[in-house]
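# Structural overview for review
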Amino acid sequence: MRTERNLTRLDRVFARLDREPERPAHLDVPKMSRHRIALFASTLAFYVAIVWAVLITSWLVRLDWQVMFFRPYQQWPEIHAFVDYYVVLGQRGPTAVMVAAWLGWRSWRQHTLRPLLALGVSLLLLNVTVGAAKYGMGRLGPHYATEIGSNEMWLGGDIFPSGHTANAVVTWGILAYMASTPRARRWLSALSAVTALGVGMSTVYLGTHWLSDVLLGWAAGLLILLALPWFEPLITRSEAVLLGLRDRVREGRRRTGPAPAPAKQPAATPVVLLPPVGGRKEAPACEPVSSSRPRTPAYLAPGPHTTRGERTPVAPAGSRRPPHSDRVLRGTAGSGSNSATRP
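Only a predicted model underlies this, so the values are computations on that prediction, with no experimental measurement involved.

## Side note on the overall build of the chain
Check the secondary structure of the chain and you find twelve helices and two strands. Traced from its N-terminal end to its C-terminal end, the chain shows the element sequence α-α-α-α-α-α-α-α-α-α-α-β-β-α. Taken across its 343 residues, the chain has 33% of its residues classed as buried. In the structure as shown, the chain presents an accessible area of about 24,000 Å², 63% of it carried by carbon and sulfur atoms.

In structure tokens, the structure reads:
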């Protein structure tokens, strides 16, 4: 009895990778639902509240100074080396390269540019919004603070909100946004939230950000992810323009490509000359004749030849007429009666 081998999960993964790339019949694009709009509004209100609490030097600023004086990197020095590496998950360059590689593979598998365009739009929004807030409010970080208890605003800094935290929320959260199933979206959302939370607390541990910087960074990154469905029409139009440009380039390359090779000429057919009747047999001479050039006269092999007028005609042996029982030869007895009747 023949039994089939049970496929492991790794075998199924490799079998899926071996399939030909195909575009799904339906790409799940998140919509701007009421739930998403309500979450966007509440996050925006939280963002404004954090900015206002720092501007008026409220209890949040006092908490920032208390955490800074606590110096977590001195309280737990044994995890310092790990945190130095973990905080890289919030840096723009390494995270963008890793996420772009995965989304590029998704684009190839699905025959669509939407994953890469969504990543580009989210990073552009991140640079514009977070960058403008950083340089607009100009807050100094804990290592450059000038006055104890102050909010350190408009002093030429670029620390508020935390760029590491906002970048971690956006770059890892875009994987959840591009998930193809609701279950995968939930798992990836939880994973990206934990990663962004760890990156933000790592900056507080190292003393490079205030705690309020991290809170505002989380809100800024979440606002970008929640607002992405509003930019889906722009992503769709950009994809159509890029694919149309690709088709025009391909068509131009076909037109300006190398000229086609000339058609192969047919092979020459040999012409066989038969020996003359009654003469001596000569070896037949073969002359290749090509359909592309005029026919040249054929010549016999060298030797003594006679002209047509000097040749002696030779009658063929026997009669060419078919035998007939009533037919008699001329000059015989049977032909006299016929001749007597002629006038």
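Now, onward.
## A short note on the packing of helix α6 (residues 92–110) against helix α7 (residues 114–137)
At a closest axis distance of 8 Å, the pairing of α6 and α7 adopts a crossing angle of 155°. When the axis of α6 is compared with that of α7, the two are roughly antiparallel. Residues R92, A96, V99, A100, L103, G104, R106 and S107 of α6 touch α7, and the partners they reach there are P115, L116, L119, L123, L126 and N127.

## Focus on α7
Here α7 spans 34 Å end to end across 24 residues, near enough to the 34 Å set by a 1.5 Å rise per residue. Immediately beyond the C-terminal end of α7, within one or two residues, lies G138, with a positive phi of roughly 55°.

## Side note on the pattern of salt bridges
Scanning the model with the defined rule gives six salt bridges in all. It is possible to trace a salt-bridge network through shared partners that takes in D64, R139 and D213.

## So, a nonpolar patch on the surface
On the surface, a nonpolar cluster with roughly 280 Å² of combined accessible area is contributed by F70, W76 and I79. Along the chain, the position of W76 falls in the loop between α4 (72–75) and α5 (80–86). Given a relative accessible area of 42%, W76 falls into the partly exposed group.

## Regarding the packing of aromatic side chains
Across all of its chains, the model carries six aromatic pairs by this definition. Seen from their ring centres, F40 and W230 are 5.3 Å apart, and the 75° between their planes marks the pair as edge-to-face. Separated by 190 residues along the polypeptide, F40 in helix α2 (residues 34–55) and W230 in the loop between α10 (211–227) and α11 (232–255) bring together distant segments of the chain. Exposure remark for W230: the relative accessible area of 47% places this residue in the partly exposed category. Seen in terms of ring centroids, W65 and F69 are 5.8 Å apart; in terms of plane orientation they differ by 40°. Their pairing is tilted. Within this pair, W65 and its partner F69 are both found in helix α3 (residues 59–70), separated by four residues, close to a single helical turn. For R139, the ring lying beneath its charged end belongs to F160, and the centroid distance is 5.2 Å.

What counts and what doesn't
- Every chain is numbered on its own, with residues counted from 1 as its sequence reads.
- In keeping with the predicted nature of the model, local features appear solely for residues at pLDDT of at least 70, side-chain atom pairs appear and are counted solely at 80 or more, and the whole-chain, interface and lining totals rest on all residues.
- Neither water nor hydrogens contribute to the side-chain values; these are computed over all heavy atoms in the structure.
- Secondary structure elements are taken from DSSP: a helix is a run of H or I of four residues or more, a strand is a run of E of two residues or more, and numbering for both begins at the N terminus.
- For every residue, the accessible area (1.4 Å probe, protein chains only) is compared with the maximum for its type, and the residue is labelled buried under 20%, exposed over 50%, or partly exposed between those bounds.
- Residue-level accessible areas treat just the shown protein chains as cover; the underlying method is Shrake-Rupley with a 1.4 Å probe.
- Note on geometry: axes are lines fitted to C-alpha atoms, helical ones only across the stretch in contact, with angles between N-to-C directions running from 0 to 180 degrees.
- Throughout, the term roughly parallel applies to angles under 35 degrees, roughly antiparallel to angles over 145, roughly perpendicular to angles from 65 to 115, and oblique to all others.
- Contacts were defined at the residue level, with two residues in contact if any of their heavy atoms lie within 4.5 Å.
- The span expected for a helix works out to 1.5 Å for each residue beyond the first.
- Whenever a carboxyl oxygen of Asp or Glu lies within 4 Å of a side-chain nitrogen of Lys or Arg, that contact is scored as a salt bridge.
- Only residues above 30% relative accessible area that lack a salt bridge enter a patch, with like-charged residues linked at up to 9 Å and the nonpolar side chains Val, Leu, Ile, Met, Phe, Trp and Tyr linked at up to 5 Å.
- Pairs were defined over the aromatic rings of Phe, Tyr and Trp, the Trp ring being its six-membered one, requiring ring centres within 6.5 Å. Orientation was assigned from the angle between planes: stacked under 30 degrees, edge-to-face over 60, tilted for the rest.
- The criterion is that NZ of a Lys, or CZ of an Arg, lies within 6 Å of the ring centre and within 35 degrees of the ring normal, and then a charge sits over that ring.

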